[in-house]
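Close look at the chain arrangement
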Amino acid sequence: MTTIYVDPSKKKEQIVKLSDGTFGLMKAEKQKSGIGYEFDFTSHMHPSFEMQHAPVNGDEETVHSIDGEQQFKIQWLSKS
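The sections below set out a description of the structure shown in this document. (Residues numbered from 1 in each chain as written. Predicted model: local features only at pLDDT ≥ 70, side-chain atom pairs only at ≥ 80, totals over all residues. Heavy atoms only, no water.)

The helix and strand tally for the protein chain stands at 0 helices and 7 strands. In summary, the protein chain has a C-alpha radius of gyration of 12 Å against a globular reference of 12 Å for 80 residues, a match within 12%. Each of the 80 residues in the protein chain was classed as buried or not, and the buried ones make up 36%. Of the contacts formed within the protein chain by residues at least 6 apart in sequence, a portion of 25% connects residues at least 24 apart. (Helix = DSSP H or I, 4+ residues; strand = E, 2+ residues; numbered from the N terminus. Rg over C-alpha atoms; globule rule 2.2 N^0.38 Å. Buried < 20%, exposed > 50% of the residue type's maximum accessible area, 1.4 Å probe, protein only. Contact = heavy atoms within 4.5 Å.)

Pasting the structure below:
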């Protein structure tokens, strides 16, 4: 499982770091059901995906892609 580190204070768009050292972009998008969040990654090892709700600390998402199934966990960045 790959962890995505998210800063909960940034609601619209942010660069996220993954536990394997790669990076991605999380951005909010208006949808019929409200605000959804899209995750796009710089590494081709990870498929892009959308969440239909705001990320929650501890959320686990299973993403199905042409390369198989991947699991992601959302974790808040701790303020140090």
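Bringing the sheet that holds strand E1 (residues 2-6) into the picture now. Read across the sheet, 7 strands follow the order E5-E4-E3-E2-E1-E7-E6 without closing on themselves; strand pairing throughout is mixed. Unpaired on one side and paired on the other, strand E5 (49-51) and strand E6 (60-65) mark the two borders of the sheet. Each adjacent strand pair in this sheet contributes to an overall mean axis angle of 30°, direction not counted. The sheet contact formed by E6 and strand E7 (residues 68-76) spans 6 bridges and is antiparallel. Residue pairing for E7: Glu60 is matched across the bridge by Lys73. (Pairing = 2+ DSSP bridges. Axes fitted to C-alpha atoms, helices over the stretch in contact; angles between N-to-C directions.)

Once that is clear, we can look at the pairing of E7. Looking at chain direction, E1 and E7 are connected through 5 bridges and run parallel. Paired with Val6 across the bridge in E7 is Trp76. With antiparallel pairing between neighbouring strands as the criterion, E6 and E7 make up a hairpin whose turn holds 2 residues.

Turning our attention to the side chain of Glu61. By the secondary structure assignment, Glu61 is in strand E6. For the buried Glu61, no salt bridge exists, and the shortest N-O distance to an oppositely charged side chain is 13 Å, to Lys73. If we skip the residues at most four places from it in the chain, Glu61 touches Phe49, Met51, His53, Gln70, Gln71 and Phe72. (Lys, Arg positive; Asp, Glu negative; His and termini not counted. Salt bridge = Lys/Arg side-chain N within 4 Å of Asp/Glu carboxyl O.)

In this structure, Ile4, Phe39, Phe41, Phe49 and Phe72 are the most contacted members of the largest nonpolar core, which totals 13 residues. Of all the elements in the fold, those that place two or more residues in this core are E1, strand E2 (13-18), strand E4 (34-41), E5 and E7. Take this core: its biggest share by element is 3 residues, from E4. Not counting residues up to four positions away in its chain, the partners in contact with Phe41 are Ile4, Leu18, Phe23, Gly24, His46, Pro47, Ser48, Phe49 and Phe72. (Core = buried A, V, L, I, M, F, W, Y, C linked by side-chain atoms within 4.5 Å.)

Considering all chains together, one arrives at 4 aromatic pairs under this definition. Relative to Phe49, the ring of Phe41 lies with its centre 6.2 Å away and its plane at 35°, an arrangement referred to as tilted. For the ring pair Phe49 and Phe72, a centre distance of 5.1 Å and an interplane angle of 25° mean the geometry is stacked. One end of the pair, Phe49, is in strand E5; the other, Phe72, is in strand E7, with 23 residues separating them in the sequence. A single burial state applies to Phe49 and to Phe72, both of which are buried. Three or more aromatic residues joined by ring pairs make a cluster, and in this case those are Phe39, Phe41, Phe49 and Phe72. (Phe/Tyr/Trp six-rings, centres within 6.5 Å; stacked < 30°, edge-to-face > 60°.)

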